[in-house]
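# Observations on the three-dimensional arrangement
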There are 2 protein chains.
Amino acid sequence: MVEPVKKPTRKTDGFVANDTTLRTFVGYHMKRAFNVVQADLAKTLKPFELRMLTYTALVLIVDNPGLSQSQLADAMDVERPNLVVIVDELEQRELIVRQRVPTDRRAYALRVTLKGQHLFQQATDAVTAHEKALLGDIDTGAQDTMIATLIHIQSGGAKG
Amino acid sequence: MVEPVKKPTRKTDGFVANDTTLRTFVGYHMKRAFNVVQADLAKTLKPFELRMLTYTALVLIVDNPGLSQSQLADAMDVERPNLVVIVDELEQRELIVRQRVPTDRRAYALRVTLKGQHLFQQATDAVTAHEKALLGDIDTGAQDTMIATLIHIQSGGAKG
DNA sequence: TATTGTTATACTCTATAACTATA
DNA sequence: TATAGTTATAGAGTATAACAATA
């Protein structure tokens, strides 16, 4: 059975903030919801010794074999210098390999190993189950609308 | 006129990641969307010398005059030690005051000053306008559904 | 010249333990 | 004994500049 993350025990009384202004403050709700999802995700990935960043990188390499570190950084919205340590970690654990590209010897082509493929499958099964449990009692249509809207925001923020 | 954040210039080719696995990975979409909103927010708040954390604290103190630091930390989902520096900053800028509570001399009651009230109003006008611009071309019903779902996730993650 | 990957570095946000003063 | 606020500290995540190798 999958069990959702439980909120840490707060010793404060049952204070509920007045949300007059917060009501329309989208960033606030996004941050709080992301905190919950991120905490659940961290707990789910811990047995596999993966963090959100390393898991996301692994997913992208599995689904896009041969992509470069620049492309991966772009897809992950992470600066290239910060991606180096992530790729280092996955490589040291022999989950992926860096292959020199013959046609452009500056770049690396990233690919999963068999070991990486197996870990990816196990971790993805766990993540899928946990997210399902986390969103379980939310209307499917609302879930789809939320995801579509989140994706829309990403492109919307770009076209400035 | 309000102008949305523009994506930093990426020199990578038009690589678009295959989203086979990512499609159902809610945390991924939440993080990317939050990145966009957070970047827009940071830019919006910069003229007021506020960050998301200090702005959120200011909002909560305005809407909940007299609340304690513990209650504020709870409402903001921030550990109490981390809140101290946030309250320090607002107090040093004379946007809020710490008032000793006569009935419980351990606690502080937090209240905005007139200066804080003015800055809150200006910042909130700017944030509201920017978020409106950011979500402008998204269907109003979808926006409401997303926010409701984000709020639902917060309580859903707690009931474990 | 420009780009890939890299190093170094700094800054923000977050998390925990332990202290003080009050209750 | 427990709580409010605090200090110190360590860990993530993020952002920028500058470098070597290659294009």
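This section reports on the structure supplied with the text. Please read these numbers as outputs of a predicted model, since none were measured by experiment.

The backbone of Glu 49 of chain A shows a phi angle near 55°, a positive value even though the residue is not glycine. Tracing the backbone shows Glu 49 of chain A in the loop between helix H1 (26–45) and helix H2 (52–63). Judged by its relative accessible area of 61%, Glu 49 of chain A is exposed. The phi angle at Glu 94 of chain B is positive, at roughly 60°, despite the residue not being glycine. Note that Glu 94 of chain B resides in the loop between helix H4 (80–92) and strand E1 (96–101).

Below, the discussion takes up the protein's contact with DNA strand D. Residues in close proximity to DNA strand D total 20 residues, the closest being Arg 51, Asn 82 and Arg 105 of chain A together with Gln 69 and Ser 70 of chain B. The sugar-phosphate backbone supplies 64% of the atoms of DNA strand D found within 4 Å of the protein. Interatomic distance of 2.7 Å between a backbone N/O atom of Ser 70 of chain B and a phosphate oxygen of DNA strand D.

Now for H4 of chain B. Every α-helical turn comprises 3.6 residues, leaving residues that sit three or four positions apart pointing alike. Residues and elements named next belong to chain B. For H4, spanning 13 residues, the distance from its first C-alpha to its last is 18 Å, which sits close to the expected 18 Å at 1.5 Å a residue. Each element contacted by the buried residues of H4 is listed here: helix H2 (52–63), helix H3 (69–76), E1 and strand E2 (104–112). Where H4 ends, the next residue or the one after it, Glu 94, has phi of about 60°, a positive value.

Among the 20 residues in the neighbourhood of DNA strand C, the closest are listed as Gln 69 and Ser 70 of chain A together with Arg 51, Asn 82 and Arg 105 of chain B. Between DNA strand C and Tyr 108 of chain A, the relevant distance is 3.0 Å, taken from a phosphate oxygen to a main-chain nitrogen or oxygen of the residue. Within the side chain of Asn 82 of chain B, an N or O atom sits 2.7 Å from a base nitrogen of DNA strand C. Looking at the surface near DNA strand C, the elements that each hand over two or more residues are helix H3 (69–76), helix H4 (80–92) and strand E2 (104–112) of chain A together with H4 and E2 of chain B. Class assignment of the residues belonging to the surface near DNA strand C gives a composition of 6 nonpolar, 4 polar and 10 charged.

Moving on: the nonpolar core. Counting 94 residues, the largest nonpolar core has Leu 50 and Leu 72 of chain A together with Leu 50 and Leu 72 of chain B as its most contacted members. Residue contacts for Leu 50 of chain A: discarding those within four places in its chain leaves Leu 45, Tyr 55, Leu 58, Leu 90, Arg 93, Leu 119 and Ala 123 of chain A.

Now for the interface of chain B and chain A. Taken together, the contacts link 71 residues of chain B with 71 residues of chain A. Together chain B and chain A conceal approximately 7,000 Å² of surface at their shared face, both sides included; 64% is due to carbon and sulfur atoms. Across the contact surface, chain B and chain A share 2 salt bridges. A salt bridge links Asp 77 of chain B to Arg 32 of chain A, with the nearest nitrogen and oxygen atoms 3.9 Å apart. Summed over the shared surface of chain B and chain A, the number is 18 residue pairs in polar contact (both at pLDDT 80 or more). Those elements that provide at least two residues to the side of chain B that touches chain A are helix H1 (26–45), H2, H3, helix H5 (114–135) and helix H6 (140–158) of chain B. Here the element with the most residues in the side of chain B that touches chain A is H1 of chain B; it accounts for 13 residues.

Residues and elements named next belong to chain A. Here Ala 42 shows up in helix H1. Look at Ala 42 and you get partly exposed, because its relative accessible area is 36%. Distance from Ala 42 to Thr 124, taken between C-alpha atoms, is 13 Å for residues 82 residues apart in sequence.

Conventions used here
Residues numbered from 1 in each chain as written. Chains lettered and ligands numbered in written order. Predicted model: local features only at pLDDT ≥ 70, side-chain atom pairs only at ≥ 80, totals over all residues. Heavy atoms only, no water. Helix = DSSP H or I, 4+ residues; strand = E, 2+ residues; numbered from the N terminus. Buried < 20%, exposed > 50% of the residue type's maximum accessible area, 1.4 Å probe, protein only. Near = heavy atom within 4 Å. Polar contact = N/O pair within 3.5 Å; in protein donor to acceptor, adjacent residues only side chain to side chain. Expected span 1.5 Å × (residues − 1). Contact = heavy atoms within 4.5 Å. Nonpolar A, V, L, I, M, F, W, Y, C, P; charged D, E, K, R; others polar. Core = buried A, V, L, I, M, F, W, Y, C linked by side-chain atoms within 4.5 Å. Buried area = accessible area lost by both parts, 1.4 Å probe. Salt bridge = Lys/Arg side-chain N within 4 Å of Asp/Glu carboxyl O.

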